[in-house]
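Spelled out, the chains give:
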Amino acid sequence: MADMGFRNVIASMDPLANSRKIPLLNATAIGESADTQDDHLIIPDHQFSSRACISSHDQYLEMYNRSIDDPSGFWSDIAASEFFWKQKWDQKVYSENLDVRRGEIKIEWFKGGITNICYNCLDRNIEAGLGQKVALYWEGNEPGFDSSLTYTHLLNKVCQLASFLKANGVRKGDAVVIYMPMLMELPIAMLACARIGAIHSVVFGGFSSESLAQRIIDCKPKIVITCNAVKRGSKVILLKDIVDVALTDSAQNGVSVATCLTYENESALKRESTKWKEGRDIWWQDAVSTYPTTCTVEWVDAEDPLFLLYTSGSTGKPKGVLHTTGGYMVYTATTFKYAFDYKPTDVYWCTADCGWITGHSYVTYGPLLNGASVVVFEGAPNYPDPGRCWDIVDKYTVTIFYTAPTLVRSLMREGNEHVTRYSRKSLRVLGSVGEPINPSAWRWFFDVVGESRCPISDTWWQTETGGFMITPLPGAWPQKPGSATFPFFGVQPILVDEKGNELKGECSGYLCLKSSWPSAFRTLYNDQERYETTYFKPFPGYYFTGDGCTRDKDGYYWLTGRVDDVINVSGHRIGTAEVESALVSHPQCAEAAVVGIEHEVKGQGIYAFVTLVDGVSYSEELRKSLILAVRNQIGAFAAPDKIHWAPGLPKTRSGKIMRRILRKIASKQLDEVGDTSTLADPDVVHHLISLADR
Ligand code: PRX
């Protein structure tokens, strides 16, 4: 095994491991669990390294140092040699102000450069001879349902839809909302928008009609693109019904959408059974195919918006994260290439949904910019059985497999036989994203799935960062299970204490970034003030990530989880305030406080303390209806795992809820509840503890 794979070298256990926790912070349970650090070094196999894009730490350092000392030179060399620009950018490659004390926060990359990301994904690759190469392999929910598109076919489909959008009044700068499952039509819709300079806003198909309406009201799209229904596992979800409710809701709030383009997903629901509004709704299959398979490109400025993606923050209202074109293009392509050691012969599969940032940057744009063959999977990874992922890996000879720790943990519980009955010999690189991967899950992924042969790229990044920030480069240096290792080119992570002082060497602190990088988000849509307050005011001079982090004695970074009121449930980012606001919308709920708790499979679970209105008593029926309120307002993925009846909540005399105490009660760490003397009513805590198991 040693020759074939990665050597597992046991380094001494670090005596400081415990002091690396972040006691001052609002660190989440997952960051505090015992299964968080593993100092064993996994040394890259020599053969792998010798063929890797970056074959040693020295080579990385040379490039990294240049990217920091001369960002303009570093990024303009890549941008000029690997992408098509109709016109080169202005003299300045980038300009930035990340310091609120010096005025408005502003970041620009390649300003004045004229390009188009769809052109770079498709036309440029076809001109380079990839026309007949498969761009997308599509695997349906039911085994045996599949199809594929070459780069040329994909371009034709994108152009037809782009032509349809133009004919229906969509112009450069207009928003288009896309609410679809993982059909090929989802990346097609994104690329079609990009081709004509429209701004897409993909809403994850698991969001409820209320969440969808909220997003439609905020960005006022010209068109909504959807699908009548989808089957996930054995369940049929009627997406179009959800859109209908959202469109009625948004019209009542002054935002009327003239056109709803609907793809008929026949295997889930026939068109005859789909609810329809004449005059507004159009069948994709009837309309789009009548348009030409060519569509001229709308050339845009590098700083023109590409997409808006709503994400959760620490208040109830989702934030419209805005990404622009040029820097995002250069950065997502470059990170994809290096962090996965991409080779033209690779077949790449990322299990993320295009409704999240991972699906934007690493299902659609990053891989297609590199001319990769990408697997798009419609279904559930455990359907019809827990071996489905490896069945797909063998079927398409997937070489790079990128997923979330929650899936790794859930498959790990099902037993190794579901993995080992498939060959998986095509696999060469594995990837993880969305939450810290605990060492035991890392090891199972590495040892069982990858047979100790495939390096794991544990990529740390965010919706806001657009692309990987801290990530291993496969083959370049030894890995430590659970550590995202080192910063990508151009990224300057720093750890600060609560006063914003930079901490050096081995330490734990708040993770900030010192300078901008090409795919940094440029603002929050229509809310520059919230952009500055959330990300740039907490530690002036830096971008604050919201994450806690440890740097060990070897300089490896270990992400420990969110330090704000955001939780990561199955890799889905949810604001505790969003769940609280859904709960208090229930007529019988007076107050709610939500915290994250450690969850064996989901990473974090949702634990809700709920105070009922006077005179209402707690019952099983009420519990169910509270959970339903959250499912309806946000989506099923945000449903609380536990409702804890709370006749009172622990509050300070000024009325602030002490979440620290609630977290301890929720995680049953009762001896760590700490000082309760500053509470307005300390008895509340005993009362809550006594109701814990009801
Ligand atoms: O807490 C970090 C966690 O996910 C957050 C970002 O969530 P979102 O914007 O939805 O993007 C998810 C996909 C990039 C981060 O603030 N996170 C993401 N990747 C990792 C991670 N935590 C630890 N390790 C990671 N590899």
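Quick caveat, the model's predicted, so the values are computed rather than measured.

Our focus in this paragraph is the domain arrangement of the protein chain. When cut into domains, the protein chain gives domain 1 (57-484 + 497-550) and domain 2 (570-691). The C-alpha-based centres of domain 1 and domain 2 are spaced at 32 Å. Tallying the contact residues gives 19 residues for domain 1 and 19 residues for domain 2. Of all the secondary structure elements, the ones that give two or more residues to the side of domain 1 that touches domain 2 are α9 (209-219) and α15 (405-414).

Moving on, we get to helix α4 (residues 71-82). End to end, α4 covers 17 Å across twelve residues, agreeing with the expected 16 Å (1.5 Å per residue, within 8%). Regarding α4, the residues found buried are Pro 71, Trp 75 and Ala 79. The arc that holds every buried residue of α4, seen down its axis, measures 35 degrees, which confines them to one face. Projecting away from the buried face of α4 at angles above 90 degrees are the exposed residues Gly 73 and Ser 81. Looking at the buried residues of α4, the elements they touch are α3 (57-69), β3 (94-97) and α12 (326-339).

Turning our eyes to something else, we now look at the packing of α4 against α12. In contact at an axis separation of 10 Å, α4 and α12 are set at 90 degrees when each is read in the N-to-C sense. The pairing of α4 with α12 is recorded here as roughly perpendicular in orientation. Across the interface between the two elements, Trp 75, Ile 78, Ala 79 and Glu 82 of α4 pack against Val 330, Ala 333 and Thr 334 of α12. Along the lines of polarity and charge, the residues of the contact of α4 with α12 split into five nonpolar, one polar and one charged.

Glancing now at the UniProt feature "domain: AMP-dependent synthetase/ligase" (unreviewed entry) in the protein chain. The feature "domain: AMP-dependent synthetase/ligase" (unreviewed entry), as annotated in UniProt, sits at residues 131-516 in this numbering. The span residues 131-516 is 31% helix and 23% strand, and its two end C-alpha atoms sit 35 Å from each other.

For Ile 392, the location among the structural elements is in helix α14 (residues 388-396). Expressed as a C-alpha distance, the spacing of Ile 392 and Phe 377, which sit 15 residues apart in the sequence, is 8.9 Å. If sequence neighbours within four positions are ignored, Ile 392 has contacts with Glu 139, Trp 349, Val 375, Phe 377 and Val 398.

Extensive coverage of helix α21 (residues 659-666) is indicated by the burial of six of its eight residues. Taken residue by residue, α21 has Ile 661, Leu 662, Arg 663, Lys 664, Ile 665 and Ala 666 as its buried positions. Residue Lys 668 follows α21 closely and has a positive phi angle near 60 degrees.

Calculation rules
Residues numbered from 1 in each chain as written. Predicted model: local features only at pLDDT ≥ 70, side-chain atom pairs only at ≥ 80, totals over all residues. Domains from an automatic or database assignment. Contact = placed C-beta atoms within 7 Å. Helix = DSSP H or I, 4+ residues; strand = E, 2+ residues; numbered from the N terminus. Expected span 1.5 Å × (residues − 1). Buried ≥ 20, exposed ≤ 12 C-beta atoms within 10 Å, placed from the backbone. Arc of directions from axis to C-beta. Axes fitted to C-alpha atoms, helices over the stretch in contact; angles between N-to-C directions. Parallel < 35°, antiparallel > 145°, perpendicular 65-115°, else oblique. Nonpolar A, V, L, I, M, F, W, Y, C, P; charged D, E, K, R; others polar. UniProt positions renumbered as here; feature names shortened; annotations may be inferred.

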